[in-house]
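# Descriptive structure summary
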Amino acid sequence: MSRRKIASNFNQLTSDDWRIWTLGVSQLLLHFKITSPTVRENWMHFVRACRLISLPSVRLVDVEEADKLFREFGRGIGRIYGKHTVSINAHLHTHLLENIKDFGSVYGFWCLPFERYNGFVRGTRTNKKDCFEIGFMIRFLRNSFNKDILHNLQSRSSMSSSPHLPLFMSLLSMVSGQPLVGDPRTDLDLQKKKHDFDYVNFISIAEDPTIVANGSEEMGPACQFLHLSANERDLTSEEAQALVGYYTNVYGNDHQHPGFCTMDNRLPGSWFIRNRVRIATEIRLLGVTFSSQSSRRARFHPPVVIKQANETGQSIMRPAQVLFFFEHVLTRQKESLGGISSTWEKKNHWLAFVRWYKAPMYNVTSWASWGATVWSSDYELIDATAIIPVHKIYAHALLKHEPIAGVDLVMVPMPRKIKI
């Protein structure tokens with residue numbers, strides 16, 4: 001959401017802009033604008049309620065709590081600004097509990113798909129003549145037929161493995177007038193694996209900080225590496241040292257990984273940590289795109305939050321900046337009765353190299369009522385903890401620079417979005 005939209009009295013905000021404003025930006029920008037504790041607390045009733053009902057998985061107890069917050073927010077509007085300011089939307093909030101009980105999560109009946117469709121129709125190029133509907137349907141049916149052709153390729157293994165498939169895809173792109181994104185072979189494989197993939201287990205890895213992941217867990221259609229480099233590149237000495245420390249930490253007590261070695265000390269039978277990786281600038285995780293600082297396509301590179309357990313065992317949201325995503329392969333020669341065989345065993349890992357923000361020098365609690373936490377703008381030193389499995393990435397975070405005593409950044413984690 002751009003600063004221009006906020007400065008123009010929120011004109012032309014899309015539904016997604018309103019979501020970002022309500023659940024994140026408003027807490028950061030209204031902190032010093034709203035001095036009245038009563039007004040601030042009333043607005044936070046609305047923010048907390050929206051956070052509860054916008055979760056991917058909503059429990060009945062969460063919906064009932066959101067209903068109480070919506071009702072308190074409506075009553076607060078009447079007390080603070082007068083009953084004449086209570087709009088019809090504030091009243092409709094009180095019916096969300098019944099609607100969710102009848103129709104399920106708000107994602108199933110909200111108006112966002114209609115608004116997005118209207119924007120799509122408005123952006124359609126025409127020749128400024130009559131019969132827009134006919135031209136629009138011709139283009140729609142043409143693109144639909146192209147997708148049907150791709151789905152039919154699933155049953156033709158000879159075609160899906162043909163070296164002429166990329167040329168065939170480019171021809172379809174020319175006919176449809178728009179590029180078909182993605183590797184066709186990968187897309188077909190993802191469609192085949194989609195029904196067998198355990199989404200619940202994958203989602204729980206980021207939800208539960210006590211679950212230990214090493215990066216080799218199955219990702220299936222839930223995660224795709226975008227713009228993955230075709231060629232490998234060498235890690236710097238600092239990055240390579242962090243990678244060795246990472247593997248030592250995650251496999252330290254695993255009898256199947258008794259030892260690791262590098263180019264300098266290669267040992268027979270040990271897992272060999274190669275110094276070369278394939279870099280990806282972006283990933284699509286559960287339908288949401290995360291970009292790294294190495295990405296040139298994205299205008300902004302928002303930080304990510306990862307759930308971790310603190311010293312007391314409580315779950316906290318910790319922000320980090322992603323430098324790059326990468327694929328790394330552990331290799332070793334299999335053992336045989338006569339010694340080491342010539343067969344190599346490989347194990348792929350999908351990881352992210354991050355820089356953690358430091359904790360603040362002082363305990364600042366003035367932002368707690370806004371659902372925000374404070375952090376230093378300095379980064380932690382690079383070590384083994386700078387590498388995390390992409391499975392552990394929870395959501396985006398919003399940061400605001402706030403130069404006060406011992407604090408440089410204020411962070412609001414965004415609710416997790418899941419698009420399956």
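Residues numbered from 1 in each chain as written. Predicted model: local features only at pLDDT ≥ 70, side-chain atom pairs only at ≥ 80, totals over all residues. Heavy atoms only, no water.

Here we take up the side chain of D67. The residue D67 is located in helix α4 (residues 60-81) in this model. On the basis of relative accessible area, D67 is assigned to the buried category, the value being 10%. In contact with D67, other than residues within four places in its own chain, are T94 and L97. (Helix = DSSP H or I, 4+ residues; strand = E, 2+ residues; numbered from the N terminus. Buried < 20%, exposed > 50% of the residue type's maximum accessible area, 1.4 Å probe, protein only. Contact = heavy atoms within 4.5 Å.)

It is worth spelling out unusual backbone geometry at this point. Even without being glycine, L286 reaches a positive phi, approximately 55°. With respect to the secondary-structure elements, L286 resides in the loop between β5 (276-285) and β6 (288-291).

So, on to the packing of aromatic side chains. Evaluation of the coordinates by the stated rule reveals 10 aromatic pairs. When the ring of F225 is compared with that of F325, the centres are 6.4 Å apart and the planes differ by 70°; the resulting orientation is edge-to-face. Taken together, the positions of F225 in strand β1 (residues 223-228) and F325 in strand β8 (residues 315-336) put the pair 100 residues apart, joining distant regions of the chain. Judged by relative accessible area, which is 0%, F325 ranks as buried. Ring plane angle 20° and centroid distance 6.2 Å describe the contact between Y247 and Y251, whose orientation is recorded as stacked. With respect to burial, Y247 and Y251 carry one shared label: buried. Put simply, the rings of W43, F46, F70 and F73 touch in pairs and so form one group of aromatic residues. When the ring centre of F324 is taken as reference, the NZ or CZ atom of R233 above it lies at 5.1 Å. (Phe/Tyr/Trp six-rings, centres within 6.5 Å; stacked < 30°, edge-to-face > 60°. Lys NZ or Arg CZ within 6 Å of the ring centre and 35° of its normal.)

So, on to the packing of helix α3 (residues 37-53) against α4. The geometry of α3 relative to α4 is characterised by a closest axis approach of 8 Å and an angle of 150° between their N-to-C directions. Here α4 runs roughly antiparallel to α3, going by the angle between their axes. Handedness of the α3/α4 crossing: left-handed. Where α3 approaches α4, its residues T38, V39, N42, W43, H45, F46, R48, A49, C50, L52 and I53 are matched on the opposing element by D62, E65, A66, L69, F70, E72, F73, G76, I77, I80 and Y81. Residues of the contact of α3 with α4, tallied by class, amount to 14 nonpolar, 4 polar and 4 charged. (Axes fitted to C-alpha atoms, helices over the stretch in contact; angles between N-to-C directions. Parallel < 35°, antiparallel > 145°, perpendicular 65-115°, else oblique. Left-handed = near helix turned anticlockwise from the far one by under 90°. Nonpolar A, V, L, I, M, F, W, Y, C, P; charged D, E, K, R; others polar.)

Here the focus is α3. Its 17 residues give α3 an end-to-end C-alpha distance of 25 Å, which sits within 8% of 24 Å, the value for a rise of 1.5 Å per residue. Every buried residue belonging to α3 is among V39, N42, W43, M44, H45, F46, V47, A49, C50 and I53, and all of these are buried. Tucked into the core, α3 has its buried residues touching α2 (15-29), α4 and α6 (96-103). (Expected span 1.5 Å × (residues − 1).)

If you want to describe how two helices pack, look at the angle between their axes and the distance between the axes. Packing of α2 against α3 brings their axes to within 9 Å, and their N-to-C directions diverge by 140°. Between α2 and α3, the angle is such that the two are oblique. Between α2 and α3 lies a crossing of left-handed hand. Two secondary-structure elements touch here, α2 through W21, T22, L23, S26 and Q27 and α3 through W43, M44, F46, V47, C50 and R51. For the contact of α2 with α3, the residue count by class is 7 nonpolar, 3 polar and 1 charged.

Where burial is concerned, most of β5 is hidden: 7 out of the 10 residues are buried. Two elements, β1 and β5, share 5 bridges in a ladder whose sense is antiparallel. Along β5, the bridge assignment pairs C223 with L285. The pairing of strand β2 (residues 233-234) with β5 spans 2 bridges and is classified as antiparallel. By the bridge assignment for β5, D234 is matched with R276. Pairing analysis gives 4 bridges linking β5 to β6, with the strands arranged antiparallel. In the strand pairing of β6, I283 is matched with F290. (Pairing = 2+ DSSP bridges.)

Purely geometric numbers; function is a separate question.
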